[in-house]
Amino acid sequence: MGFRCGIVGLPNVGKSTLFNALTETQAAQAANYPFCTIEPNVGNVGVPDPRLDKLAAIAGSQKIIPTQLGFVDIAGLVRGASKGEGLGNQFLGNIREVDAVVHVLRCFENDDIQHVDNKVDPISDAETVETELMLADLESLEKRVPAAQKKASSGDKEAKLIASVLGQALELLREGKPARLTRPRDEEEQRVFLQAQLLTAKPVLYVCNVEEESAAQGNAFSARVFEKAKAEGAEAVIVSAAIESDLVGMDGDERLAFLAELGLHETGLNRVIRAGYELLQLITFFTVGPKEARAWTVHKGARAPQAAGEIHTDFERGFIRAETIAYDDYIALGGEAGARDAGKLRQEGKDYLVKDGDVLHFRFNV
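The structure displayed is predicted, hence computed values, not measured ones. (Residues numbered from 1 in each chain as written. Predicted model: local features only at pLDDT ≥ 70, side-chain atom pairs only at ≥ 80, totals over all residues. Heavy atoms only, no water.)

What to know about the layout of surface pockets
Counted only if it meets this: Cavities and pockets are found on a 1 Å grid laid over the protein atoms alone: a cavity is a set of points where a 1.4 Å probe fits but cannot escape, a pocket is an open set with protein on both sides within 12 Å along at least five of seven lines, and a lining residue has an atom within 4 Å of such a point. Grid points are joined across faces, edges and corners, and a volume is the space filled by probe spheres set on the points. Helix and strand definitions here come from DSSP, where helices need a minimum of 4 consecutive H or I residues and strands a minimum of 2 consecutive E residues; each element is numbered from the N-terminal end. Amino acids outside the nonpolar list (Ala, Val, Leu, Ile, Met, Phe, Trp, Tyr, Cys, Pro) and the charged list (Asp, Glu, Lys, Arg) are all regarded as polar, and Gly is one of them.
As a volume, the largest pocket reaches approximately 950 Å³. Surrounding the largest pocket, 30 residues form its lining, Gln 190, Leu 194, Ala 201, Lys 202 and Pro 203 being those nearest its centre. Elements that contribute at least two residues to the lining of the largest pocket include exactly α6 (187-195) and α10 (268-279). Sort the elements by how many residues they give to the lining of the largest pocket and α6 lands first, with 3 residues. Its residues assigned to classes, the lining of the largest pocket comprises 13 nonpolar, 6 polar and 11 charged.

Here it is as structure tokens:
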């Protein structure tokens, strides 16, 4: 399905270090100067889900394939990016292509690492980036809305819809608020809103990059970010990019021991990945067999044919039915045969809303 989260922030806040750790590569060059990242780096990350291992164990699956999220390391923004400063047009274009924004904020003091404003203030940093995104959206809509209003006056229904929906977004931006606070009333308004590809319409996850000592509980800087996220209805997580970088290359036991020494129960990256998954309102369904156990991703509210289409377009086109077992039933009854014998394998049609954890087998004909 290709869901992608764009990692953004001011220069030297730890974006590339976080990306390298997320993807367990050194794909993104990390250096102590602005604009180290010019072309966006892209990496796919498996979403941790212990349910998949349990399903595979019961089915004796030879391969385990987790669902994936894509992360894009986008170069640091600066003031004036909306006007092209600091290669701003290119950076803003990269943001426009992602599904959600992971906003990395520096929440640590370190005199050896330059800050573009020579101070550590994550709230100010967040506002700087958000302002540039809002200015870019504002400039776009101040051209598009009047044009749509003009066409709407001649009776064009689509133009009237565009003028109404984007007009709401324009008013919010003029008030200094992001476009994501727009509230489309139905599917048609939602379609128009999404097609506009507004930068500030994208959901946001704040990542507080803290020093090692604050990785478990956070610090005063991260506390302020969490307050901001709560006020906006956004999400926030605490990560020490330095710790996550150290974890790269360690095996499972080494990681657990290292984390335990720091008082941590899991990696910060797992929290980022899960939060990104939740941010995009995604759920997981599974296909399970002797060859492989695999996790798949769909939006909440997806129907069975849409889920089938994630596997192959032919499955959706020729959809007949979905043989469905709830995850808990599959585990409790020892797999597909036990679920079938207990009457827990259901035949679901085109209107079935897929539930998180469903184990599905699709019947189709093309």
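Digging into the pattern of salt bridges
Worth spelling out the cut-off: By definition, a salt bridge exists where a carboxyl oxygen of Asp or Glu is found within 4 Å of a side-chain nitrogen of Lys or Arg.
Overall, the coordinates contain 20 salt bridges when judged by the stated rule. Between Glu 336 and Arg 340 there is a salt bridge, with its nearest N and O atoms 2.8 Å apart. In this pair, Glu 336 and Arg 340 are both assigned in helix α14 (residues 336-341), 4 residues apart and thus about one turn of the helix distant. Residues joined in a network through salt bridges with shared partners are Asp 49, Arg 51 and Asp 356.

Concerning helix α11 (residues 304-311)
For the record, the criterion: Each residue is placed in one exposure class: buried if its accessible area under a 1.4 Å probe, protein chains only, is under 20% of its type's maximum, exposed if it is over 50%, and partly exposed if it falls in between. Any two residues having at least one pair of non-hydrogen atoms within 4.5 Å are treated as being in contact.
Inspection of α11 places Ala 304, Pro 305, Ala 307, Ala 308 and Gly 309 among the buried residues, and these make up the whole buried set. Each element contacted by the buried residues of α11 is listed here: β8 (282-288), β9 (292-299), α12 (313-317), β10 (319-325) and β12 (359-364).

Structural notes on the packing of aromatic side chains
Worth spelling out the cut-off: Planes of paired rings set the category: under 30 degrees apart is stacked, over 60 is edge-to-face and the rest tilted, where pairs are Phe, Tyr or Trp rings (Trp by its six-membered ring) whose centres lie within 6.5 Å.
Per the counting criterion, the structure on display carries 5 aromatic pairs. Through successive ring pairs, a cluster of aromatic residues spans Phe 285, Trp 296, Phe 319 and Phe 362.

Some words on the packing of helix α4 (residues 122-152) against helix α7 (residues 220-232)
Angle between the axes and distance between the axes are the two parameters that describe a pair of packed helices. Quick note on the threshold: What counts as an axis is a line fitted to C-alpha atoms, over the stretch in contact for a helix, and the angles between N-to-C directions run from 0 to 180 degrees. Our angle categories are set so that under 35 degrees counts as roughly parallel, over 145 as roughly antiparallel, 65 to 115 as roughly perpendicular, and the remainder as oblique.
Packing of α4 against α7 leaves a shortest axis separation of 9 Å and a crossing angle of 45°. By the angle between their directions, the pair α4 and α7 is classed as oblique. Taking contact as the criterion, the partners of Pro 122, Ile 123, Ala 126 and Glu 127 in α4 are, on α7, Phe 221, Arg 224, Val 225 and Lys 228. Partitioning the contact of α4 with α7 into residue classes produces 5 nonpolar, no polar and 3 charged.

Some points on the sheet that holds strand β5 (residues 100-106)
The following threshold applies: What makes two strands pair is DSSP finding at least two bridges between them.
The sheet built from 6 strands is open, its strands ordered β2-β4-β1-β5-β6-β7 with mixed pairing. Because the sheet does not close on itself, it has two edges, and the strands there are β2 (41-46) and β7 (235-239). Going from strand to strand, the sheet's axes swing by 25° on average, the running direction of each strand aside. Pairing geometry for strand β1 (residues 4-8) and β5, over 4 bridges, is parallel.

Some remarks on empty space enclosed by the protein
Within this structure, the stated rule accounts for 1 cavity of 30 Å³ or more. By volume, the largest cavity is sized at about 60 Å³. Every residue lining the largest cavity is listed: Val 101, His 103, Glu 130, Leu 133, Arg 180, Leu 199, Thr 200, Lys 202, Val 204 and Tyr 206. Of the residues contributing to the lining of the largest cavity, the split by class is 5 nonpolar, 2 polar and 3 charged.

Observations concerning the nonpolar core
Condition: The nonpolar core is taken to be a set of buried Ala, Val, Leu, Ile, Met, Phe, Trp, Tyr and Cys residues, with the residues joined through side-chain atoms within 4.5 Å.
Residues Leu 22, Leu 69, Phe 71, Leu 205, Tyr 206, Val 207 and Val 272 are the most contacted members of the largest nonpolar core, which totals 54 residues. Per-element accounting of this core gives the leading share, 6 residues, to α10. Those residues in contact with Val 207 that sit more than four places away from it in its chain are Leu 18, Val 102, His 103, Val 104, Leu 105, Val 237, Val 239 and Val 272.

A few points about the packing of α4 against helix α5 (residues 157-174)
We apply this condition: Left-handed describes a crossing whose near helix is turned anticlockwise from the far helix through less than a right angle; right-handed describes the clockwise counterpart.
Two numbers describe how α4 lies on α5: the axes approach to 8 Å, and their chain directions differ by 145°. Our pair here, α4 against α5, has a crossing hand that is left-handed. For the pair formed by α4 and α5, the contact residues are Met 134, Asp 137, Leu 138, Leu 141, Glu 142, Arg 144, Val 145, Ala 148, Gln 149, Lys 151 and Ala 152 on the first element and Ala 159, Lys 160, Ile 162, Ala 163, Leu 166, Gly 167, Ala 169, Leu 170, Leu 173 and Arg 174 on the second. A breakdown of the residues in the contact of α4 with α5 according to their chemical character gives 13 nonpolar, 2 polar and 6 charged.

Purely spatial values, then, with no claim about function.
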